[in-house]
Amino acid sequence: MTGGVEGRTTDTEPSAAERRAVVAKRVESGSADLTEITQLAAAAGYDVVGELTQTRTEDAAFMFGKGKVAELRDLVRRTDATAVVIDNDVGPYQTFNIGGELPEGVEVIDRFTLILEIFGQRANTRKAQLQVELAELRYELPRAEAKASLAKRDERPGFMGLGEYDESVERDIKRQISEIRDELESIAEKEESRREQRRNSGFDLVALAGYTNAGKSTLMRRLAAEIDVDENAERHPDLDTTAESQDMLFTTLGTTTRRAEMEKRDVLLTDTVGFIADLPHWLVESFESTLDSVYRADLVLLVVDASESVEEMREKLVTSHDTLYERNEAPIVTVFNKVDRLAPGELADKRAALSGVAPDPVAVSAKTGAGVAELRDRVESELPDWERERLVLPLSDDAMSLVSWIHDHGHVEGEAYADDQVTLDFEAKPSIVARARSKAAGLAPAEST
Ligand SMILES: Nc1nc2c(ncn2[C@@H]2O[C@H](COP(=O)(O)OP(=O)(O)OP(=O)(O)O)[C@@H](O)[C@H]2O)c(=O)[nH]1
Ligand SMILES: [Mg+2]
């Protein structure tokens, strides 16, 4: 699980047992909810040993009130924590100031750096590693820029060197960003041409999307046939049908594609990274190409954990729709998952309460398999319509290979052989029908063979 990114040293990091965190959060009003940040800290391998919240306006220097920071220091001492994880957007100076109040060596980590840490640990493909690196560089860039401009303003003898140094750091970061972007772009182009190839072979592309921990990977395993089609994939733990899903945020980082078991359609199903709220744009953009398989799918299954409260479901649905908004080209089917955990009547209530954000959802349990047959039917009915066609072909070798091509790329409903011809009734995607027609037109008539 903790693969470690190539080329980065991990030996200085304390082992899991030594990573103890206090989680903290400030809200402007109401009461702060630490559930998600606690789950994120656990996903990054921290033992959460203490909690602290505050409701007040932001303090420019410390983010929290000064008294709260003293409380934080006491809590860190008492629990012997190695890190403080803050579920707010903590500025560089605030981070520095809070750190100065804490015992020596205690790290101050914000929501974004924590998520990056998780991604860094799980990045086990070249693409995921590049995306993590890109996000890290984009996080550093404004900080380097700030340092460079401060150093410039401060230009005094002796500080000159520092200013030049920071400008070169800034240039270096920009250069690395553009190199990584180029490499990611070429990976994205390869993936796009693979998607096109798959479409041309008659596959419909369906993507699983949704908030992290909604049950996407579990549902994927439920829908998937045994064959693994990701020929270039570096082996991913999620591909293992026997592997347990983990009740952990961001279990899936890369994308995996498998063939789904459907009645008629040949469907390729892609599992992707989960969405989460409050991500800065630079982080979302760094992972954009991971979401290409969602944006460019023929159909998106938006998975929601229906065992959560209506409010949580609504918030997560909104986050998911925001992520899909503008970029997504495909129809969306909402899937209410984990219905095995619902009390009688709860599903109907939630359907009604959420009809605005989730019209006509399909209810399933990826765990027990309940509702999965209905979901398959729904996928087939929502996919872009197939065309019906009848072709009358001569009985030649070329025609027979066309017949088997049509079997591979569509759904043959009737195949009638007469003396010198075969009549084929079939359904397929419009593009496949068009290709079948033109192949048929190119066949030599039976008499002349
Ligand atoms: N009770 C119940 N638990 C489920 C169901 N589906 C998934 N889970 C559990 O929910 C947790 C998350 O499942 P995953 O399939 O890993 O979720 P995911 O959406 O792929 O999560 P990320 O990859 O982290 O974004 C696991 O503990 C699963 O066992 C379900 O239908 N019922
Ligand atoms: Mg997953």
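What you are looking at is a predicted structure, and each value in this text was computed from that prediction instead of being measured.

Asks: Lay out the packing of aromatic side chains with the relevant residues and their values.
Replies: A complete count under the given rule lists 0 aromatic pairs for this structure. Note that arginine 19 overlies the ring of tyrosine 46, its terminal NZ or CZ placed 4.3 Å from the centroid. Geometry around tryptophan 405 places lysine 439 over its ring, the cationic atom sitting 4.5 Å from the centre.

Asks: Give me the lowdown on the environment of alanine 214, citing residues and values where you can.
Replies: As for its position among the elements, alanine 214 is in the loop between strand E5 (204–210) and helix H7 (216–223). In this structure the C-alpha to C-alpha distance between alanine 214 and glutamate 308, which are 94 residues apart in sequence, comes to 9.9 Å. With residues near it in sequence (within four places) discarded, alanine 214 still touches Val303, Val304, Asp305, Asn337 and Lys338.

Asks: Can you lay out a negative patch on the surface for me, pointing to particular residues and giving the numbers?
Replies: Negative charge collects at one region of the surface, where Asp33, Asp278, Glu311, Glu312 and Glu315 lie side by side. With respect to the secondary-structure elements, aspartate 33 resides in the loop between strand E1 (20–27) and helix H1 (35–43).

Asks: Mind laying out the packing of helix H13 (residues 397–409) against helix H14 (residues 430–441), listing which residues take part and the relevant values?
Replies: Packed helix pairs are specified by the crossing angle of their axes together with the interaxial distance, meaning the distance between the axes. Contact geometry for H13 and H14: axes closest at 11 Å, N-to-C directions at 180 degrees. By the angle class used here, H13 and H14 are roughly antiparallel. Listed contacts from H14 to Leu402, Trp405, Ile406 and His409 of H13 are Ile432, Arg435, Ala436, Lys439 and Ala440. Residues of the contact of H13 with H14, tallied by class, amount to 6 nonpolar, 1 polar and 2 charged.

Asks: Can you break down the site of ligand 1 residue by residue, with the values?
Replies: Ligand 1 sits among 23 residues. The nearest are Lys216, Thr218, Thr251, Thr252 and Asp340. At 2.7 Å, a side-chain N or O of aspartate 340 approaches a nitrogen atom of ligand 1. A distance of 3.1 Å is found between an oxygen atom of ligand 1 and a backbone nitrogen or oxygen belonging to lysine 367. Summarising the interface, the protein chains cover 93% of the accessible area of ligand 1, which totals 660 Å² for the free molecule. Looking at the shell around ligand 1, the element that brings in the most residues is H7, giving 3 residues. Here the residues of the shell around ligand 1 sort into 5 nonpolar, 12 polar and 6 charged.

Asks: Break down the pattern of salt bridges for me, citing the residues and quoting the values.
Replies: By the definition in use, this model includes 32 salt bridges. Taking the shortest distance from any N to any O, the salt bridge between arginine 26 and glutamate 28 comes out at 2.8 Å. Accessibility expressed as a relative area gives 8% for arginine 26, which makes it buried. Here aspartate 59 ties to arginine 56 by a salt bridge, and the two come within 3.9 Å at their closest N and O atoms. With a relative accessible area of 28%, arginine 56 lands in the partly exposed category. Within this structure, Lys25, Glu36, Asp87 and Arg111 form a network of salt bridges that share partners.

So, how was this worked out
Residues numbered from 1 in each chain as written. Chains lettered and ligands numbered in written order. Predicted model: local features only at pLDDT ≥ 70, side-chain atom pairs only at ≥ 80, totals over all residues. Heavy atoms only, no water. Phe/Tyr/Trp six-rings, centres within 6.5 Å; stacked < 30°, edge-to-face > 60°. Lys NZ or Arg CZ within 6 Å of the ring centre and 35° of its normal. Helix = DSSP H or I, 4+ residues; strand = E, 2+ residues; numbered from the N terminus. Contact = heavy atoms within 4.5 Å. Patch = residues over 30% accessible without salt bridge, like charges linked within 9 Å, V, L, I, M, F, W, Y side chains within 5 Å. Areas by Shrake-Rupley, 256 points an atom, 1.4 Å probe, with all protein chains shown as cover. Salt bridge = Lys/Arg side-chain N within 4 Å of Asp/Glu carboxyl O. Lys, Arg positive; Asp, Glu negative; His and termini not counted. Charge placed at Lys NZ, Arg CZ, Asp CG, Glu CD. Axes fitted to C-alpha atoms, helices over the stretch in contact; angles between N-to-C directions. Parallel < 35°, antiparallel > 145°, perpendicular 65-115°, else oblique. Nonpolar A, V, L, I, M, F, W, Y, C, P; charged D, E, K, R; others polar. Near = heavy atom within 4 Å. Polar contact = N/O pair within 3.5 Å; in protein donor to acceptor, adjacent residues only side chain to side chain. Buried < 20%, exposed > 50% of the residue type's maximum accessible area, 1.4 Å probe, protein only.

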